[in-house]
Each structure stands twice: as C-alpha cells, then as structure tokens.
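# Residue-level structure breakdown
Take a look at the letters that make up each chain.
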Amino acid sequence: MSISALLSMGRCCCRCCCPRGLWMLSAPCCDDRRMCVCPGPRRIGIPVRSSSLPLFSDAMPAPTQLFFPLIRNCELSRIYGTACYCHHKHLCCSSSYVPQSRLRYTPHPAYATFCRPKENWWQYTQGRRYASTPQKFYLTPPQVNSILKANEYSFKVPEFDGKNVSSILGFDSNQLPANAPIEDRRSAATCLQTRGMLLGVFDGHAGCACSQAVSERLFYYIAVSLLPHETLLEIENAVESGRALLPILQWHKHPNDYFSKEASKLYFNSLRTYWQELIDLNTGESTDIDVKEALINAFKRLDNDISLEAQVGDPNSFLNYLVLRVAFSGATACVAHVDGVDLHVANTGDSRAMLGVQEEDGSWSAVTLSNDHNAQNERELERLKLEHPKSEAKSVVKQDRLLGLLMPFRAFGDVKFKWSIDLQKRVIESGPDQLNDNEYTKFIPPNYHTPPYLTAEPEVTYHRLRPQDKFLVLATDGLWETMHRQDVVRIVGEYLTGMHHQQPIAVGGYKVTLGQMHGLLTERRTKMSSVFEDQNAATHLIRHAVGNNEFGTVDHERLSKMLSLPEELARMYRDDITIIVVQFNSHVVGAYQNQE
C-alpha cells in the first residue's frame, strides 16, 4: 500500500473538529466541522485500527529510513491523516489540502484536479476505532543532526603568505528540502579573470528544471559580462584554434550540487554567442566596467537564451524535452557579487539578502539589501500596472498573484507568462509527447492579453562594506516565511561571535509557571556555557527556523516532529530552505578604508 493510499484512509481534522486530540502542530483553525480548509499548518491525525496494528510494519515504503521506526511504533497516527486524495499529485495545489499561500504557482481551476473527500469516508471512519494513546516517538539528536547536516558546505578563503587579502573570510551554506525533489538551488564561485566572488540562491517553482539551469549558467554569464575586451578576444581565439580555454570560474560546490553534463555543449554554445556579441559591441576603447549594468545584462541575456533554446528545440529528444522543461518551469534568483569593499546584490523574485551589522554596544541590526518582487511591494504593483493597458488594471494582479497564479512578479523561465498565445501553442504542438502530458503547459493564463507579464530583469543594490558589517545572509523565502529578519541576524551574529547578548525572556503572552520559567533560564544558561553543536552557520540557522518554539528557543521535540514528516506532508508546513552565510574580514575592510 502506498503512502498516498494510506493517507486517503483518514480524515482531515482541525483542532475544532477532531474528538480525539491527536495533534501534532498548533496552527490557526477554521470553524468548518465537515472539512478542514485552514490556510496554514494544522493539527492533524489519522484513524488507527487497533486490531490490525501489525499491518503498519510493512504497509508502505518510507521516504527515509528514519521514518521506519514511526511505522513500527504505530506512530503514524501522531504524524498525519487526511480524507483527501488526488488522481494527479502534481496538480493538487489548488485544494485545501495544501495551503495556497505556500505555493509559488497555482494552476488554473479549469485545468487542475482538485483534492476532494473520499466518497465513503464517513462510513469508513465510523467503522474504525481511534487510538487515543499513541506511543511517542522522536528522532534522536544524532538523527536530527544527520538530516540537518546532509547538505551543508563550508569554504574558507585561503591565506597568502599568512595574510588574507580578501574581504571575505569564507561562507557556510546549507539546504533543507520540503519538496521532493528539492526545487531550491545554490551556487558559489570565485571569479578567476576578474576580482570578486559570486554567491547566489535560486528558488524554483513548477519543478526544479529552471532553478537547476540558472544555478549552472548564470555565473558564467555574469563573469563574461565583467571581462575586459582583451580577455574576451583571447578566449574566442582559443576556441577558434582549439587551444585550452582560460578558466573563468572556480566553483565551490557540495557533492550533491548537480551539473547537467548532457546539456553542457548547448549551454556553452549559447554562452559563446553572448561573448561574441560583447566583442562586436565593445571596441576596446573603454576599460571601465559597470558591475550593475553587467549583472542586469547577464540576467536578461540568460533568460532570453532559455526562451530561445526552447523555441528552436534540439534534434536530441532528451535535450529537446530538457530545454522545454526549463522554459516552462520558473526560478527566482538572489545573487551577491563581492569585490573588496564593493557589494552588489542582484535580485529577481522574493529571495532576500540581509546584512548583519554589529553595533558599538555589541547588539545586532539587520540591513535589507533586496526588495521582494511580489504583491507586498507597492512599487512592483505600480510597475506592472504601468506596463499594461488600464483595462487590465484589475486583472494583472488578482489575489496577490500575477494573473491570479504566480506569487513572484519577476522570474527566469515561466514562458507561460512571456510568450504570445500563438507561440505557446506552436511550441507545445511540435514538442515531445511528455510535454503534452504536463497540465501546466496546456492552459493559457486567464486575462492573457498583452504579454509579457513577467521579466527576469533584476533589481541591483549597491553597498560599500564597513568594518561593522560582519556577514551577509542570502536565503530563499522558505527562511523568511518562518523567521523575522532581526531574529535571523541576531542568531547568526551570536553564533559567529560565540556569545549571547542577554535579553529579557519573551513568553509571547503565554502564561508560564515558575517551573517553566526556571526551565527557560536553565536552558539559556546551558546554551551560554556550551560550545555550539553546529560547525556551520547556515545549519545553525535552519535548526532555529524549523525548531524554534513560542519562546524563541530550539525545541528538540518540535524539531524532531518537523523533520519526521514524510514527503507528502512536509510541503504543507514549510518551503524548501536554502541559506548562504558570508562572513566578512573586518580587518581587510578597515584597511581598504584607511588606504583611501
């Protein structure tokens, strides 16, 4: 029996309508006692037939080996239950089963298969008894650490002759998936032919194809845009004569970070066409390169190449399907370029860049270096309305989504929001059969009159580093949905400095007993006197993002529950989280200022 089949045996229940109290996570609840339509995470349970408990031991394959103990201990009742089932798993994002607020893209109702109650769910549940005293099961601390540290990566900038001449000491990065497979990507690389380092996070939607392609290709486009005319000529001559090319980037990648070997030739040819055009446009007279302009040009050119490759197609059926998947899915991007004390952040979408600043009294403050491109940004709303006729003022953004469907207002790919209707139909009809089976490619967005509605052009922010600027956090929206920016900076700052700034314990309006307050104070004292168990700042931040309780401290029980959720339910409670924490060298930054 599959997990989805087992899920369909239960019924969805909120705190207000479940008589047994088989709760796992607290959340706002609805008043509908027939079917849960909560907009956010909810407490859920599953009916258990106590006379057949041994059947759960081999009922289904678990997403990870860590989930087997839950099945053996009949702990499934504490984890999930639902009366919903769906014939097309990838289209159930329009139902109450998955909160739409957590979805990047919502399919149009006319083409989506909605989750609905199983026809005989009431008769089914009446004939079963509910386990009112389930056994408790939690992941052990080593198991939790194993999950959290599976994708962590650290890089320390090497010193030269005992002196570090870089304004970056190093960086930590990590990812925690919620989707299966994860739709987030990350990249970090050192520019070899120019100065500086590139770091970026990429949040995919409607699949991971576009975020994967952008994570592989964007830094090459940026590096080429920053190269002087002479270096571009040298690279082109090397290709013409068959000589070895000058290396452009030194990548810093985790073993799990994938590169598409099958598409490497296609990607190289598109990149070569770009630098050939740069050679033709640049006469070599000007040696000054505008970093902001280079970032904008690289973003726009890569998005244009993604679109063009999908229109042209490829004789290789695998590559043809790949380029179409990349174009029809989408991805946001937040990229930082650090060169000495010059920090540029290029952002497309709703990932964020946050600067951690240490004040004179030792406290931490957050400086935002990017703007979200969504309905909460009034300037973005105004920009969209100005780019389309007044007759579309009420339809271009509906329910805080682009054309009522897409949350970010800027993104790579997503040609459904960029191509004309005729072009979409022509490409789909001439494409492979697998493309026709994808419901996402079949429909035309509602009120689709004056495309393009979406752009990949980034908003670039410049900041000159100061000695008090200690670190930079790049993260996809999965982090910012769960934590306030000030908490993010404080947690990372305390981690990097190894000290906790004493603040009054906030209980958030909860009534706590004297014993509970004593426990909170004891826990804080223990944290201050012990070394951090995390050797990676991004991992430490993810631990807090997933495991923080109402008192602002990591609750192992909550952390264990969240990490125990199977793939079918993890996305209901959080998004993929990808984080890069860049630590700056205050001594080098200060030396730059003294030289000037």
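As the structure is a prediction and not an experimental result, all values here were calculated from the model.

About the thresholds
Residues numbered from 1 in each chain as written. Predicted model: local features only at pLDDT ≥ 70, side-chain atom pairs only at ≥ 80, totals over all residues. Heavy atoms only, no water. Helix = DSSP H or I, 4+ residues; strand = E, 2+ residues; numbered from the N terminus. Buried < 20%, exposed > 50% of the residue type's maximum accessible area, 1.4 Å probe, protein only. Salt bridge = Lys/Arg side-chain N within 4 Å of Asp/Glu carboxyl O. Pairing = 2+ DSSP bridges. pLDDT = per-residue confidence, 0-100. Contact = heavy atoms within 4.5 Å. Phe/Tyr/Trp six-rings, centres within 6.5 Å; stacked < 30°, edge-to-face > 60°. Axes fitted to C-alpha atoms, helices over the stretch in contact; angles between N-to-C directions. Polar contact = N/O pair within 3.5 Å; in protein donor to acceptor, adjacent residues only side chain to side chain. Core = buried A, V, L, I, M, F, W, Y, C linked by side-chain atoms within 4.5 Å.

### Notes on unusual backbone geometry
Across the junction of Ala-180 and Pro-181, the peptide omega takes the value 0°, indicating a cis bond. Tracing the chain through its elements places Pro-181 in the loop between strand 4 (168–176) and strand 5 (184–191). Residue Pro-452 is reached from Pro-451 by a cis peptide bond, and omega for that bond is 5°. Relative to the helices and strands, Pro-452 is located in the loop between helix 14 (439–442) and strand 15 (459–464). With a phi angle near 55°, Asn-447 is a residue other than glycine that sits in the positive phi range. Mapped onto the elements, Asn-447 comes out in the loop between helix 14 and strand 15. Relative accessible area serves as the criterion here: at 33%, Asn-447 is assigned to the partly exposed category.

### Focus: the pattern of salt bridges
In the structure shown here, the tally under the stated rule is 19 salt bridges. In this structure, Asp-342 engages Arg-464 in a salt bridge whose closest nitrogen and oxygen atoms are separated by 3.8 Å. Linking Asp-342 in strand 9 (residues 342–348) with Arg-464 in strand 15, this pair joins segments that are 122 residues apart in sequence. Assessed through its relative accessible area of 27%, Asp-342 is described here as partly exposed. Residue class for Arg-464 comes out partly exposed when judged on its relative accessible area of 32%. Note that Asp-372 and Arg-352 form a salt bridge whose closest N and O atoms lie 2.7 Å from each other. Of this pair, Asp-372 sits in the loop between strand 11 (364–368) and helix 11 (378–386) while Arg-352 sits in strand 10 (residues 352–358); the two residues are 20 residues apart in sequence, bridging distant segments of the chain. You can call Arg-352 partly exposed: its relative accessible area is 24%. Among the charged side chains, a salt-bridge network with shared partners connects Glu-380, Arg-383, Glu-387 and Arg-410.

### Notes on the pairing of strand 5
Across the eight residues of strand 5, eight count as buried, placing the element largely inside the fold. Across the two faces of strand 5 the burial is the same, with Asp-184, Arg-186, Ala-188 and Thr-190 and Arg-185, Ser-187, Ala-189 and Cys-191 all buried. Bridging between strand 5 and strand 6 (residues 197–205) involves seven bridges; their strand directions are antiparallel. Paired with Arg-186 across the two strands is Val-201, which belongs to strand 6. Between strand 5 and strand 6, which follow one another and run antiparallel, lie five residues, and Gly-196 among them has a positive phi close to 115°. Relative to strand 7 (residues 249–251), strand 5 is paired through three bridges, and the arrangement is antiparallel. From the neighbouring strand, Thr-190 faces strand 7, where its bridge partner is Gln-250.

### Describing the confidence of the model for the chain
Of all residues in the chain, 70% attain a pLDDT of 70 or more, and the chain-wide mean is 79. The low-confidence segment residues 1–97 (pLDDT under 50) makes 235 contacts with residues lying over four places distant or belonging to another chain. Predicted confidence for residues 110–134 stays below pLDDT 50, and this span has 51 contacts to residues more than four positions away or in other chains.

### Quick look at the packing of aromatic side chains
Applying the stated criterion to the full structure yields 12 aromatic pairs. Ring centres 5.7 Å apart and planes at 80° place the aromatic pair Phe-328 and Trp-419 in the edge-to-face group. A residue pair is termed long-range when its members are at least 10 positions apart, and Phe-328 in helix 10 (residues 317–328) and Trp-419 in the loop between strand 14 (412–413) and helix 12 (421–430) qualify at 91 residues. Considered together, Phe-328 and Trp-419 belong to a single accessibility category, that of buried residues. Plain terms: the ring middles of Trp-364 and Phe-471 are 5.5 Å apart, the flat faces sit at 45° to each other, and that makes the pair tilted. Here Trp-364, found in strand 11, pairs with Phe-471, found in strand 16 (residues 469–475); they are 107 residues apart in sequence, far enough to count as distant. Just as Trp-364 is buried, Phe-471 falls in that class too. Three or more aromatic residues link up through ring pairs in this structure, and these residues are Phe-202, Phe-219, Tyr-220, Trp-251 and Phe-259.

### Quick word on the sheet that holds strand 17 (residues 577–584)
One open sheet holds the six strands; their spatial order is 3-4-17-16-10-11, and the pairing between them is antiparallel. The open sheet is flanked by strand 3 (153–156) and strand 11, the only strands paired with a single partner. Across this sheet, the average inter-strand angle for adjacent strands is 20°, counted without regard to direction. Pairing between strand 10 and strand 16: six bridges, direction antiparallel. Pairing of Arg-352 across the sheet is with Ala-475, part of strand 16. This element, helix 16 (residues 485–497), spans strand 10, strand 11, strand 16 and strand 17 of the sheet and lies at about 125° to strand 11.

### Here's the deal with the side chain of Arg-571
Mapping Arg-571 onto the fold places it in helix 20 (residues 567–573). Engagement of the side chain of Arg-571 in a polar contact is seen with the side chain of Asn-179, the distance being 3.3 Å.

### Regarding the side chain of Asn-536
Along the polypeptide, Asn-536 turns up in the loop between helix 17 (514–529) and helix 18 (537–547). Classification of Asn-536 as buried rests on a relative accessible area of 0%. At a separation of 3.5 Å, a polar atom in the side chain of Asn-536 contacts the main-chain carbonyl oxygen of Ser-173. Excluding residues that lie within four positions of it along the chain, Asn-536 makes contacts with Glu-152, Tyr-153, Ser-154, Asp-172, Ser-173 and Tyr-495.

### Regarding the nonpolar core
By size, the foremost hydrophobic cluster in this structure holds 57 residues, and its most contacted members are Leu-218, Phe-219, Ile-222 and Phe-412. Excluding residues within four positions of it along the chain, Leu-218 makes contact with Phe-202, Ala-298, Phe-299, Leu-302, Val-335 and Phe-412. Counting 35 residues, the second-largest nonpolar core is a separate cluster that includes Met-483, Leu-541, Ala-545 and Met-562.

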